[in-house]
Amino acid sequence: MTTHKKLIEVALPLAAINKACAREKSIRHGHPSTLHLWWARRPLAAARAVIFAQMVDDPSAYVDVLRGDPMLRRRAETALKARLKLWDEACILAEEAKGSGLPVPEPGPAPTLDDLLAEQERQRLFRIIEDLVLWENTTNETVLQAARDEIWQSWRRACAENADHPRASELFDRHKLPAFHDPFAGGGALPLEAQRLGLESYASDLNPVAVLINKAMIEIPPKFAGKPPVNPKARAERFLVPRERMGAQGLAEDVRYYGQWMREEAEKHLEHLYPNVTVTSEMVEERPDLRKYAGKSLTVIAWLWARTVLSPNPAFAHVDVPLVSTFMLSTKPGKEAYVEPVIEDDDYRFTAHVGKPANMEASKNGTKLARGAHFGCLMSGTPMASDYIKAEGKAGRLGVRLMAIVAEGERERVFLAPTPEHEATAREVRPGWKPDLTISGSTQYLGVKPYGMDQFSQLFTDRQLLALTTFSELVHEARKQVQHDALLGGLSDDGRSFADGGSGAAAYSDAVALYLAFAVDRVIERHTSIAIWDSSPTKLQLANTFRRQVIPMTWDFAEGNMFCMSSGTWSPSVEWVARSIAFAPTTPAGLSLQCDAASQDVSKDRIVSTDPPYYDNVPYADLSDFFYVWLRHSIRSVFPDLFDTLAVPKAEELVAFAYRHDGKASAQAFFLGGMTQSMRRLSEQAHPAFPITIYYAFKQAESKGDSGIASTGWDTFLAAVIDAGFAITGTWPLRTELTVALKKSSAFLASSIVLVCRKRLADAPTATRREFVTALKAELPRALAHLQRGNIAPVDLAQAAIGPGMAVYTRYAKVLDAEGKAMTVREALALINQTLDESLAEQEGDFDADSRWALLWFEQSGFAEGEYGVAEQLSKSKNTSVQGMVEAGILESKHGKVRLLRPEELPADWDPATDARLTAWEVVHHLIRVLESGGEGAAAELVGKLGAKAEVGRELAYRLYTLCERKKRAAEALAYNGLVQSWPEIVRLAHEGGTPKTEQGALFGETEE
Ligand SMILES: C[S@@+](CC[C@H](N)C(=O)[O-])C[C@H]1O[C@@H](n2cnc3c(N)ncnc32)[C@H](O)[C@@H]1O
């Protein structure tokens, strides 16, 4: 079989992808994440870019075609000429540098025409990706079609080259792209983006909730695309105003219509449970700020409750004292509001006030004494430690007391004291059904369990249970109606459900029922006793239950009114679901299935990109029981097979939880075994012409400072991939939270790494440790230089360089040490990191003596002061002198102390042309000075003056970044990273600054237009 490297095995425009991923986090409208919650979703931008780059050939595969295009060739020849001229010049400079200490790096091998043709073409592909990842282009057919065309071109090339493959008709049909499969599909980002790129898409997951999410995203919209809505209103209008509906808009309209019907029905049953609050004259007397509402009946947004526990103080043992994490209702400046408890005899009542509390700190802390479950008894001040509260909870003695009412005012929230009637209304409710399912999992994630809350039903108030059950059961009614209306609307009466592969009226009603059940889930997620009131200035609303990937214990909570228009209530929830349907691609077909990745056979001859669980990061199955138990109530009859079990299957879930596997060691063994098996299914089945891509997300805690990346999860994961028969051909760090991480100066890790893998050759040789190390030393520096030339951000360099290192390691069937023992992945990683460090240090040889000294000094002292004597001694070893460096303009030496000058202290009128002792150190720090004070335009001007010597700035910036990362110097690291990140733009601007275009372009590794 003829295969070529794919783009993802050579280069990726990481900066553009990362930027788009970070932006996507704040986007909600139309984003599929609004359809249903799933934990740790991958950004669509990353998914789209990775699948595209995995499918298109790297230009080195078709350089002969490029050579045959006269225009491309001419352009490359012009660029080559300029590049060669500069390369010659760089060779001469490098020669001179050996003797004179001039800051010029090694020029590397001479550039060739093929190099330039491929580089130019790569830039063209990068531009496609840069457009593709933008959120605005998610449904831009022109942009998407350009990407699809590119995929088809690579595909036709593969088909032509493999026309005589023994399985050519199955594997290389030039009229049909291979299908896509993600065996750990979760929230569905990858299958969705594959579908958008024109691939028939298969999603599978062990978890039924994930399977349903994928059905809703990739399977249902194509099936009912182009169909008009069936609801009576739309049918009546169909003849009056004929309207063409794009994609699945008809389906979305029906979800809205039947959603509204459900609301009306539910309101009939439940309205009396959600009474308005009337502002009485007594209330106004106590609170003059309420005057404008006197006599008015206000809609309640939420009732705020405090959990209670019997006082441990014998004198008040009969009083349920409140456990309140804060008394603040609003912290909006100028609109503060708070609760004040008033003790009366041997009881208390809550009052609500506007304005700042007299003791803000005390109000903020509620009845809490310390972090965690440590409270004080309101009546006596007696401390109540977590053990006491847990014991009371386990004994079933946790209660609730109404603390405040939040109502809708005139474009404001109105905070009121509780009324006995409102409290009584809530207490009188008796739900008919409850989600009685035991909460499984570790208390680390399921924080409610130690307090006796071990059933999902205990996460809700009775009123919430009754209302949510009403909505859940109305899904059945709505489904019946949809089926009836769909028949009238002309859908076929094939009698087959959606689960049975139908596409007529019955299947359509099943589909609408699924979306409505998802709307119910959205409401459920905000209407629990875990959802707190968010009093922060920009919110003043109910917070989500899953603020993180846990179900935490909460003390005071907000019980929302499901019928008002605040977020998380019924109507907005239906709207979010409907919008995400209208936004979904509707071709080609998609299929979502429930299977265990360790035994699935869906991947056969398919392109695979996947995002497996990360060791012990997220307890998907335990958390998703929260939704499963409700979905089972709403739509069990629609998808009977998926709701076969009482709870989400746990045993086969590939996570390393000690509590599921009798301890850490067996949890790790289970994870390794299962992951290896799952990966083997992929290496055995996936389409042989494409690499597969696998995401791996790091926990920040996995950073191990000096030794680079080392963690149980990462090693175990890599070992599984390699044992499964894969060779690793690339590792790309994808980031979404860099700035935050840097600001916290905590970790410099990517949020995930994409591994690119190919099936290892059956006849892969065995190597000795020495052979492995020799190969690493020979290949890593070149790979490093290649990554740097591609302008990879310094922050990403170490992780991206693991790819080429792992490519060496996995090229061999085994690497054996002197005793014949196979080298572990952990050992290999350590060697790769060590070689990487050495290669970076070797680059130091390219710098002048002053800069080498400055590097050493900087490593020890940064920009802080140090002893003159030490500096002078060090300077000897680097063949320079303190005085010389003061004269060079990089150092200050005063009163026996020495310190490096910060960029902002360097002279603003610096001109490299007149600098008699030009150092690499000055180049990089002047560039930073100018970049920070005058932006990229000013830096470009300086680059123009520096000419060939500017490149050393980038190289030194990489080195300095690595050093700062190791020393946890976040602010400086940001500056060096920033310089490299801005490099392409600076160079582009330098072009425009009058320096001859071709020369400049070739000079800085850019290709001209
Ligand atoms: C990291 S998540 C995938 C997230 C997804 N890429 C997204 O963007 O939402 C990993 C998924 O693997 C699933 N999973 C765990 N064990 C599995 C198994 N044995 N077979 C199939 N899926 C499994 C989990 O249910 C979870 O949905």
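Residue numbers run consecutively from 1 along every chain, following the written order of its sequence. Owing to the predicted nature of the model, reporting of local features is limited to residues with pLDDT of at least 70; listing and counting of side-chain atom pairs is limited to 80 or more, with chain, interface and lining totals taken over all residues. Hydrogens and water molecules were not included; the side-chain quantities draw on all heavy atoms of the structure.

1. With respect to the confidence of the model for the protein
Right, so step 1: For the protein, mean pLDDT is 89; residues scoring 70 or higher make up 93% of the total.
Right, so step 2: Residue-level confidence of the predictor is summarised by pLDDT, bounded by 0 at the bottom and 100 at the top. In this description, contact between two residues means that some pair of their heavy atoms is separated by no more than 4.5 Å. Counting interchain partners and residues more than four positions distant, the pLDDT-below-50 stretch residues 700–710 has 24 contacts.
Right, so step 3: Under a pLDDT of 50 for its full length, residues 738–750 has, in the predicted model, 32 contacts with residues more than four places off or in other chains.

2. Some words on helix 9 (residues 208–223)
Because an α-helix packs 3.6 residues into every turn, residues spaced three or four apart end up facing the same way.
Right, so step 1: Working definition for bend: take the seven residues up to and ending at a residue and the seven starting at it, fit an axis to each, and measure the angle between the axes. Strands are runs of DSSP state E lasting at least two residues, helices are runs of H or I lasting at least four, and both sets are numbered from the N terminus onward. Along its length, helix 9 reaches its greatest deviation from straightness, about 45°, at Lys 215.
Right, so step 2: Residue exposure (1.4 Å probe, protein chains only): buried if accessible area is under 20% of the type maximum, exposed if over 50%, otherwise partly exposed. For helix 9, the tally of buried residues reaches 15 of 16 residues, placing the bulk of the element in the interior.

3. Description of helix 18 (residues 570–583)
Right, so step 1: Helix length check: helix 18, at 14 residues, gives a terminal C-alpha distance of 20 Å against a target of 20 Å (1.5 Å per residue), a fit within 8%.
Right, so step 2: Counting buried residues in helix 18 gives eleven out of 14 residues, a clear majority hidden from the surface.
Right, so step 3: For helix 18, every residue scored as buried is listed here: Trp 570, Ser 571, Pro 572, Ser 573, Val 574, Trp 576, Val 577, Ala 578, Ser 580, Ile 581 and Phe 583.
Right, so step 4: Check the buried side of helix 18 and you find it contacts helix 8 (189–196), helix 11 (249–270), helix 16 (462–488) and helix 17 (505–526). Take the number of residues in a helix, subtract one, and multiply by 1.5 Å to get its expected span.

4. Let's talk about the sheet that holds strand 10 (residues 368–370)
Right, so step 1: Sheet architecture is open: three strands sit in the order 10-11-12, paired in antiparallel fashion. Each having just a single partner strand, strand 10 and strand 12 (383–384) make up the two edges of the open sheet.
Right, so step 2: In this structure, strand 10 lies alongside strand 11 (residues 374–376), joined through two bridges in antiparallel fashion. Within the sheet, the bridge partner assigned to Ala 370 lies in strand 11 and is His 374. When DSSP finds two or more bridges between two strands, those strands count as paired.

5. With respect to the packing of aromatic side chains
Right, so step 1: Two rings from Phe, Tyr or Trp (for Trp, the six-membered ring) form a pair when their centres are within 6.5 Å of each other. A pair whose planes differ by under 30 degrees is stacked, one over 60 is edge-to-face, and the rest are tilted. On inspection of all chains with the given rule, the structure shows 38 aromatic pairs.
Right, so step 2: Ring centres 5.5 Å apart and planes at 80° place the aromatic pair Tyr 274 and Phe 563 in the edge-to-face group. Here Tyr 274 is found in the loop between helix 11 and strand 3 (277–278), whereas its partner Phe 563 is found in the loop between strand 17 (556–560) and helix 18, with 289 residues between them in sequence.
Right, so step 3: On the basis of relative accessibility, which here comes to 7%, the residue Tyr 274 falls in the buried class.
Right, so step 4: Classification of Phe 563 as buried rests on a relative accessible area of 8%.
Right, so step 5: When the ring of Phe 415 is compared with that of Trp 533, the centres are 6.3 Å apart and the planes differ by 80°; the resulting orientation is edge-to-face. Taken together, the residues Phe 415 in strand 14 (residues 413–416) and Trp 533 in strand 15 (residues 533–534) connect sequence positions 118 residues apart.
Right, so step 6: Accessibility expressed as a relative area gives 9% for Trp 533, which makes it buried.
Right, so step 7: Put simply, the rings of Trp 38, Trp 39, Trp 433, Phe 456, Phe 460, Phe 546, Tyr 620, Phe 626, Phe 627 and Trp 630 touch in pairs and so form one group of aromatic residues.
Right, so step 8: Over the face of the ring belonging to Trp 576 we find Arg 579, whose NZ or CZ atom lies 5.5 Å from the ring centre. We count a charge as sitting over a ring when the NZ of a lysine or the CZ of an arginine lies within 6 Å of the ring centre and within 35 degrees of the ring normal.

6. Some points on the site of the ligand
Right, so step 1: If even one non-hydrogen atom of a residue comes within 4 Å of a molecule or strand, that residue is called near it. In the neighbourhood of the ligand, 25 residues make up the surrounding shell, with Arg 42, Gly 187, Asp 205, Ala 597 and Asp 611 lying closest.
Right, so step 2: Side-chain atoms alone can form a polar contact between residues adjacent in sequence; in general such a contact is a pair of N or O atoms within 3.5 Å, and within protein one must be able to donate a hydrogen while the other accepts it. Take Asp 205: an N or O atom from its side chain is 2.7 Å from an oxygen atom of the ligand.
Right, so step 3: In this structure, a nitrogen atom belonging to the ligand sits 3.0 Å away from a main-chain N or O atom of Glu 652.
Right, so step 4: About the coverage of the ligand: the protein hides 100% of its 600 Å² of free accessible area.
Right, so step 5: Three classes are used: nonpolar for Ala, Val, Leu, Ile, Met, Phe, Trp, Tyr, Cys and Pro, charged for Asp, Glu, Lys and Arg, and polar for all others, with Gly counted as polar. By residue class, the composition of the shell around the ligand is 14 nonpolar, four polar and seven charged. Only the protein chains shown count as covering a residue, and every accessible area follows the Shrake-Rupley method with a 1.4 Å probe.

7. Structural notes on the packing of helix 29 (residues 920–946) against helix 30 (residues 951–967)
Right, so step 1: Note on definitions: angles span 0 to 180 degrees between N-to-C directions of axes, and those axes are lines fitted to C-alpha atoms, for helices only across the stretch in contact. Two elements in contact, helix 29 and helix 30, have axes separated by 8 Å at closest approach and are oriented at 85°. With respect to each other, helix 29 and helix 30 are oriented roughly perpendicular. On the side of helix 29, the interface is formed by Ala 920, Trp 921, Val 923, Val 924 and His 925, while helix 30 contributes Val 952, Gly 953, Leu 956, Ala 957 and Leu 960.
Right, so step 2: A class-by-class count of the residues in the contact of helix 29 with helix 30 yields eight nonpolar, two polar and no charged. Relative orientations are named as follows: roughly parallel for angles under 35 degrees, roughly antiparallel for angles over 145 degrees, roughly perpendicular for angles from 65 to 115 degrees, and oblique for any other angle.

8. Thoughts on the environment of Trp 305
Right, so step 1: Its location among the elements puts Trp 305 in strand 5 (residues 300–310).
Right, so step 2: Spatially, the C-alpha atoms of Trp 305 and Glu 410 are 24 Å apart, while their sequence positions differ by 105 residues.
Right, so step 3: With residues near it in sequence (within four places) discarded, Trp 305 still touches Val 400, Arg 401, Leu 402, Met 403, Glu 423, Ala 426, Arg 427, Arg 463, Trp 555, Asp 556, Phe 557 and Glu 559.
Right, so step 4: Within the structure, the side chain of Trp 305 is placed 2.9 Å from the side chain of Glu 559, a separation counted as a polar contact.

9. Thoughts on the sheet that holds strand 25 (residues 866–867)
Each strand in a sheet pairs with its neighbour through backbone hydrogen bonds, running either in the same direction (parallel) or in the opposite one (antiparallel).
Right, so step 1: As summarised here, the arrangement of the three strands in space is 25-27-26, forming an open sheet in which the pairing is antiparallel. Edge positions in the open sheet fall to strand 25 and strand 26 (891–894), since each of these has one partner strand only.
Right, so step 2: Looking at chain direction, strand 26 and strand 27 (residues 897–900) are connected through four bridges and run antiparallel. Bridged to Ser 893 within strand 27 is Val 898.

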